[in-house]
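Breakdown of the fold
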Amino acid sequence: MTHETLVDPSTVEAHLDDPAWVVLDCRFSLADPERGRSAYLAAHVRGAVYAHLDDDLSGPVTPGRTGRHPLPAVGVLARRLGRMGIETGTQVVIYDDAKGGIAARLWWLLGWLGHDARAVVDGGWPRWVAEGRPTRAGEETRAATTFVPSERTGWIAEVDQVAAAGASPDVTLIDARAAERYRGEQEPIDPVAGHIPGAISAPWPGNLDDRGRFLPADTLRHRFRKLLDGARADQVICYCGSGVTACHDVLAAVHAGLPQPRLYPGSWSEWITDPGRPVARGQ
């Protein structure tokens, strides 16, 4: 059975010794970019390989032009995935300690390059530890292989498409950041507060229950249908601060059985690099 959205810890544990499965640890902190790697070295899911948001899952930042976590070049990302032991047919499972907020980025990247057998561990590292599942310290690697990418070009919305979407009744822009950031009341990371005009607020933690696990698919479907308010479900673009946690809304929509939204990878941190782009505040 191929897992393409979520997977539970018991299923992962049953496959820890399966050579066709690769487990990736994506723990990361914006406040301390090396904290996730340190936590991984202290203890991780047995057999897991570490994937760093800045070093492995992002491209180089160009000040004044890109957002904080640009997409890596296809060839570069493919080589990185190959070094992690991922090839055609590999079942990839991904976890973090941020309720899927970082793991969803790698889930999206794999799908973008045509690899469907990938899933986020529901409940992540906290659930794994709470259930007493096997862990190990130190660094682990997999035998390098060749990852052959097959880029899906329709998955991305470029900045000009996002600008047009804000004024279009046919496309819905979804902002995955916290509501207070969307409204422009607080901005702890980026130099400008507010949101892209025309966007609606859908904070990504709303996809989770009080244990940090994804809501049932039918509940998620209801959430997105209510947000869309009759708008087309196949014309949605998600963004966040830098194209990371927006992937959580994309994952939730797909798990709910809805059409996959496009991702605006540059997101808010790219949008505000041009002072001529409009900024909205409030509801």
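All values derive from a computational prediction rather than experimental measurement. Residue positions are given per chain, counting from 1 as you read along its sequence in written order. Under the rules for a predicted model, residues below a pLDDT of 70 receive no local features and side-chain atom pairs below 80 are neither given nor counted, while totals for whole chains, interfaces and linings still include all residues. Heavy atoms from the whole structure form the basis of all side-chain values; hydrogens and water molecules are not counted.

**Structural notes on the pattern of salt bridges**
Salt bridges are counted wherever a side-chain nitrogen of Lys or Arg sits within 4 Å of a carboxyl oxygen of Asp or Glu. For the structure on display, the rule yields 18 salt bridges. Here E13 ties to R133 by a salt bridge, and the two come within 2.5 Å at their closest N and O atoms. Highlighted residues: E13 in helix 1 (residues 9-14) and R133 in the loop between helix 5 (124-130) and strand 7 (135-136), separated in sequence by 120 residues. The salt bridge involving D25 is made with R27; its shortest N-O contact spans 2.7 Å. Any residue under 20% of the maximum accessible area for its type is buried, any over 50% is exposed, and the rest in between are partly exposed; the area is computed with a 1.4 Å probe on protein chains only. On the basis of relative accessible area, D25 is assigned to the buried category, the value being 0%. Counted as one network, the salt bridges with shared partners bring together R68, D175, R177, R181, E187 and D190. In DSSP terms, a helix is any run of H or I states spanning at least four residues, a strand is any run of E spanning at least two, and both are numbered starting from the N terminus.

**What about the environment of P149?**
Considering the arrangement of structural elements, one finds P149 in the loop between strand 7 and helix 6 (159-165). The class for P149 is partly exposed, based on a relative accessible area of 33%. For the pair P149 and R118, spaced 31 residues apart in sequence, the C-alpha separation works out to 14 Å. What makes two residues a contact is simply this: any of their non-hydrogen atoms within 4.5 Å. In contact with P149, not counting residues within four places along its chain, are V74, A78 and L113.

**Description of the sheet that holds strand 5 (residues 91-95)**
Strands are treated as partners if at least two bridges between them are detected by DSSP. Across the sheet, five strands lie side by side as 1-6-5-2-4; this open sheet has parallel pairing. The open sheet has two free edges, formed respectively by strand 1 (6-7) and strand 4 (49-50), since each of these has just one partner strand. Looking at chain direction, strand 2 (residues 21-25) and strand 5 are connected through five bridges and run parallel. The partner of D25 across the bridge, within strand 5, is Y95.

**Side note on the nonpolar core**
Counting 54 residues, the largest nonpolar core has L81, I86, L106 and W108 as the members making the most contacts within it. Counting residues per element, the ones that place at least two in this core are strand 2, helix 3 (74-83), strand 5, helix 4 (103-112), helix 8 (217-228), strand 10 (236-239) and helix 9 (246-255). The element contributing the most residues to this core is helix 4, with eight residues. Discounting residues that sit within four places of it in the chain, L81 has contacts with I86, L106, L110, L113 and F147. With 15 residues, the next largest nonpolar core counts W21, V23, A48 and V121 among its residues. Here, the term nonpolar core denotes a set of buried Ala, Val, Leu, Ile, Met, Phe, Trp, Tyr and Cys residues that are joined through side-chain atoms within 4.5 Å.

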